[in-house]
Amino acid sequence: MKAVWYDRTGPAREVFQYGDLPDPQAGRGQVLIRVKASGVNPADTYLRGGALAPMAYRRVIPNSDGAGVVEAVGPGVEETVWLGKRVWFYNGQRNGRAFGSAAELIELDTDLLSVLPDQVSFAEGATLGIPCMTAHRSVFMNGAVQGQVVLVTGGAGAVGHYAVQLAKWAGATVIATVSSAEKAARARAGGADHAIDYTTEDVAARVREITGGEGVHHAVEVDLGGNLETTLKCIRQNGSLAYYASRGDPTPTLVVGNAMRLNLAITGVYLPVSPHPARRRAQADITRWIGSGARMLSVAGRFPLKACAAAHEAVEAGGKVGTVVVEP
Ligand SMILES: NC(=O)c1ccc[n+]([C@@H]2O[C@H](COP(=O)([O-])OP(=O)(O)OC[C@H]3O[C@@H](n4cnc5c(N)ncnc54)[C@H](OP(=O)(O)O)[C@@H]3O)[C@@H](O)[C@H]2O)c1
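Residues numbered from 1 in each chain as written. Predicted model: local features only at pLDDT ≥ 70, side-chain atom pairs only at ≥ 80, totals over all residues.

## Digging into the domain arrangement of the protein chain
- For the protein chain, the assigned domains read domain 1 (2-128 + 297-327) and domain 2 (131-272).
- Each of domain 1 and domain 2 has a C-alpha centre, and the two are 29 Å apart.
- Between domain 1 and domain 2, the contact holds 10 residues from the first and six residues from the second.
- Counted by class, the side of domain 1 that touches domain 2 contains two nonpolar, seven polar and one charged residues. (Domains from an automatic or database assignment. Contact = placed C-beta atoms within 7 Å. Nonpolar A, V, L, I, M, F, W, Y, C, P; charged D, E, K, R; others polar.)

Structure follows, in structure tokens:
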């Protein structure tokens, strides 16, 4: 099969190789998927760049997410359930797996795949894995949000925009923070009831005003360290905060008394190792959600497989709107 791989970490253009690797085989409980689109997430670029950790494998095929068609099934997998099915998947290059989705074929355990409805393109399907699964976990960390007010910081981002849409779908009033009028329009189009420009407005004051002084029940946070002080002022007593990144300040200081007096639950979200039942719920909900109406699944850019380095650079450049995909 054609694939992109790296044997050492570094800049994409320097370390990516493109060529032929042996076709993988579906093992017990696995299927073989013909990859039609491979999603590139920021963490795929951090791993390849060596910023997160030294290489855990001798060789890595990058990118964790994707979508494609099941071409073969391994022992123990029912043909009638999976063979020929269009699917989207996540965790292709995580949790002990070295070979991800930047290839024509990938073999995966069936519990990492979900059926992709016919009306959703493969490129759109490849935007679901990490961003939408993380959004689901971050929104529903403490259960249902129906009737609640949910704050989503960075509500136009890949994860944030899915969080906005899922929270709205689940019956919450959604407040999003953004950094421009275009991003406000995008958050509103996804279902945000209110969009606050955090670069020009007093976010905490606006949230208090919108919620009649009460604050939100739950916050989904893209930058725990960068926003901590403000976000804590936005949450009501007995509320909760789920954070999935902290690029603005990786070592923030928490004024414990402030969080404690709110009786606040603060929880980190890291998708690859989130509890298995929660991931299964996320897959089921997301498949139901995309199958039951028009959704905004945003493809930020499309690159052929051999231009995977350019796809990684597009993510690293910042400013993407949605998820960049690579198409074998
Ligand atoms: N923990 C996990 O499992 C997990 C899963 C997925 C992603 N992540 C991480 O989450 C981060 C975002 O990923 P992504 O794919 O969603 O990126 P993205 O598409 O670039 O979205 C990030 C969004 O956050 C906004 N933003 C940045 N700093 C902000 C701040 N201080 N306050 C409010 N908004 C802010 C950005 O817009 P402006 O800069 O214009 O405000 C942008 O719209 C990355 O670091 C990624 O590695 C973690």
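That was the structure; now back to the text.
## A closer look at the sheet that holds strand E12 (residues 235-243)
- Read across the sheet, six strands follow the order E10-E9-E8-E11-E12-E13 without closing on themselves; strand pairing throughout is parallel. Lying at the two open borders of the sheet, with one neighbouring strand each, are strand E10 (194-197) and strand E13 (265-268). Ignoring which end each strand starts from, the neighbouring axes of this sheet average 15° apart.
- Across four bridges, E12 lies against E13 in parallel orientation. Looking at the pairing, Tyr243 lines up with Gly268 of E13. (Pairing = 2+ DSSP bridges. Helix = DSSP H or I, 4+ residues; strand = E, 2+ residues; numbered from the N terminus. Axes fitted to C-alpha atoms, helices over the stretch in contact; angles between N-to-C directions.)

## Topic: the site of the ligand
- For the ligand, the set of nearby residues contains 28 residues, the closest of which are Gly154, Gly157, Ser179, Asp223 and Ala245.
- Contributions of two or more residues to the shell around the ligand are made by helix H2 (42-49), helix H5 (129-140), helix H6 (158-169) and helix H9 (224-234).
- Here the shell around the ligand spans two domains, and each of domain 1 (2-128 + 297-327) and domain 2 (131-272) adds at least three residues to it. (Near = placed C-beta within 6 Å.)

## Brief notes about unusual backbone geometry
- Of note in this structure, Asn95 is not a glycine but carries a positive phi near 50°.
- Summarising the element assignment, Asn95 is placed in the loop between strand E5 (86-89) and strand E6 (105-109).
- Exposure remark for Asn95: the 11 C-beta atoms within 10 Å place this residue in the exposed category.
- Phi at Asn238 is positive, roughly 65°, even though this residue is not glycine.
- Tracing the backbone shows Asn238 in strand E12. (Buried ≥ 20, exposed ≤ 12 C-beta atoms within 10 Å, placed from the backbone.)

## Observations concerning the packing of helix H8 (residues 203-210) against H9
- Packing of H8 against H9 brings their axes to within 8 Å, and their N-to-C directions diverge by 15°. Relative to H9, H8 is oriented roughly parallel. Relative to H9, the crossing made by H8 is right-handed. Taken together, the residues of H9 that come into contact with H8 (itself represented by Val203, Ala204 and Val207) are Thr230, Lys233 and Cys234.
- Classifying every residue of the contact of H8 with H9 gives four nonpolar, one polar and one charged. (Parallel < 35°, antiparallel > 145°, perpendicular 65-115°, else oblique. Left-handed = near helix turned anticlockwise from the far one by under 90°.)

## Observations regarding the packing of H2 against helix H12 (residues 308-316)
- Contact pair H2 / H12: the axes reach a minimum separation of 9 Å and the direction vectors enclose 110°. Classified by the interaxial angle, the pair formed by H2 and H12 is roughly perpendicular. Crossing geometry of H2 relative to H12 is assigned as left-handed. On the side of H2, the interface is formed by Pro42, Thr45 and Arg48, while H12 contributes His312, Val315 and Glu316.

## As for the environment of Gly147
- Summarising the element assignment, Gly147 is placed in the loop between H5 and strand E8 (149-152).
- Taking the C-alpha atoms as reference, Gly147 lies 49 Å from Asp23; in sequence the two are 124 residues apart.

## Some words on the environment of Arg261
- Of note, Arg261 is situated in helix H10 (residues 256-261).
- Given 10 C-beta atoms within a 10 Å radius, Arg261 is considered exposed.
- The sequence separation of Arg261 and Gln237 amounts to 24 residues, and the corresponding C-alpha distance is 7.7 Å.

## A closer look at the pairing of strand E11 (residues 216-221)
- With six of six residues buried, E11 is to be regarded as a mostly interior element.
- Where E8 and E11 come together, three bridges link them in parallel fashion. Bridge pairing in E11 places Leu151 opposite Ala219.
- Of the strand pairs in this sheet, E11 and E12 are connected by five bridges, and their pairing is parallel. Across the sheet, residue Glu221 finds its bridge partner in E12, namely Tyr243.
- You can see the chain leave E11, run along H9 and come back into E12, and the turn it takes is right-handed. (Right-handed = clockwise from strand over helix to strand, strands pointing away.)

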